[in-house]
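Commentary on secondary and tertiary structure
The lines below spell out each chain.
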Amino acid sequence: MPNAISHETATGQDLVRRVCHAITELGYPEHSSVRCESDGSTVTLKGKLSSFYLLQIAQVIAMEVPGVRAVVNKIEVSGKSRKSQWY
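Residues numbered from 1 in each chain as written. Predicted model: local features only at pLDDT ≥ 70, side-chain atom pairs only at ≥ 80, totals over all residues. Heavy atoms only, no water.

**Some points on the pattern of salt bridges**
Using the following cut-off: A carboxyl oxygen of Asp or Glu within 4 Å of a side-chain nitrogen of Lys or Arg is what we treat as a salt bridge. Numbering of helices and strands starts at the N terminus; helices are DSSP runs of H or I of at least 4 residues and strands are runs of E of at least 2. For the exposure calls, accessible area comes from a 1.4 Å probe over protein chains only, and a residue counts as buried if that area is under 20% of its type's maximum, exposed if over 50%, partly exposed in between.
By the definition in use, this model includes 3 salt bridges. Two residues, Asp 14 and Arg 18, come together in a salt bridge whose shortest N-O distance is 3.0 Å. Residue Asp 14 and its partner Arg 18 are located together in helix α1 (residues 2–24), separated by 4 residues, close to a single helical turn. The exposure class assigned to Arg 18 is partly exposed, which follows from its relative accessible area of 28%. Three or more residues are tied together by salt bridges with common partners; here these are Asp 14, Arg 17 and Arg 18.

The following block contains the structure:
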């Protein structure tokens, strides 16, 4: 049975690696600060980004990685809130 446990761990680590790689490959420097964790096929994203746009991109890309069934997005947006310039 120990092999099954280590295989599960390796699979989880591989999923985390693939998700983090997919997010950082987008070319947005801030995405390099996103941390990924997995619990089976559920991936949790953590960290801070400056906009909801960057947060949404990270979430969408994570969902597209084969093997991911759910994404828990715990990324905080730390950018300053701007009021709309449209009146």
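**Here we look at the pairing of strand β2 (residues 42–49)**
Definition in use: At least two DSSP bridges between two strands are needed for those strands to be called paired.
Sheet topology note: the strand β1 (residues 35–39)/β2 ladder contains 5 bridges and is antiparallel. The partner of Cys 36 across the bridge, within β2, is Leu 45. A loop of 2 residues connects β1 with β2, the two strands running antiparallel in sequence, and Gly 40 in this loop sits at a positive phi of about 70 degrees. Taken together, the 8 bridges between β2 and strand β3 (residues 70–77) define a ladder with parallel strand orientation. Across the sheet, the residue bridging to Thr 44 is Val 72, located in β3.

**Observations concerning the environment of Ile 61**
Keep this limit in mind: Only heavy atoms enter the contact rule, under which two residues are in contact if any of them lie within 4.5 Å.
Here Ile 61 lies in helix α2 (residues 52–64). Beyond its immediate stretch of four places on either side in the chain, Ile 61 contacts Ala 22, Ile 23 and Leu 26.

**As for the sheet that holds β2**
Inclusion rule: Axes here mean lines fitted to C-alpha atoms, for a helix over just the part in contact, with angles spanning 0 to 180 degrees between N-to-C directions.
Taken together, 3 strands build an open sheet; the order of strands is β1-β2-β3 and the sheet is mixed. Looking along the sheet, the strands with just one partner apiece sit at the ends: β1 and β3. Strand-to-strand twist in this sheet, taken as the mean axis angle between neighbours without regard to direction, amounts to 15 degrees. Running over the sheet, α2 touches β2 and β3 and is turned about 160 degrees from β3.

**Concerning the side chain of Thr 44**
One can find Thr 44 in strand β2. Apart from the residues lying within four places of it in its own chain, the contact partners of Thr 44 are Arg 35, Cys 36, Glu 37, Val 72 and Lys 74.

**Some points on the confidence of the model for the protein**
Stated formally: The predictor's confidence in any single residue is recorded as pLDDT, a number from 0 to 100.
Summing up the model confidence of the protein, the mean pLDDT is 83 and the portion of residues at 70 or higher is 79%. Confidence over residues 1–10 falls short of pLDDT 50; this stretch has 0 contacts with residues more than four positions distant or in other chains. In this model residues 81–87 is a low-confidence stretch, pLDDT under 50, and it forms 0 contacts with partners more than four residues away in sequence or in other chains.

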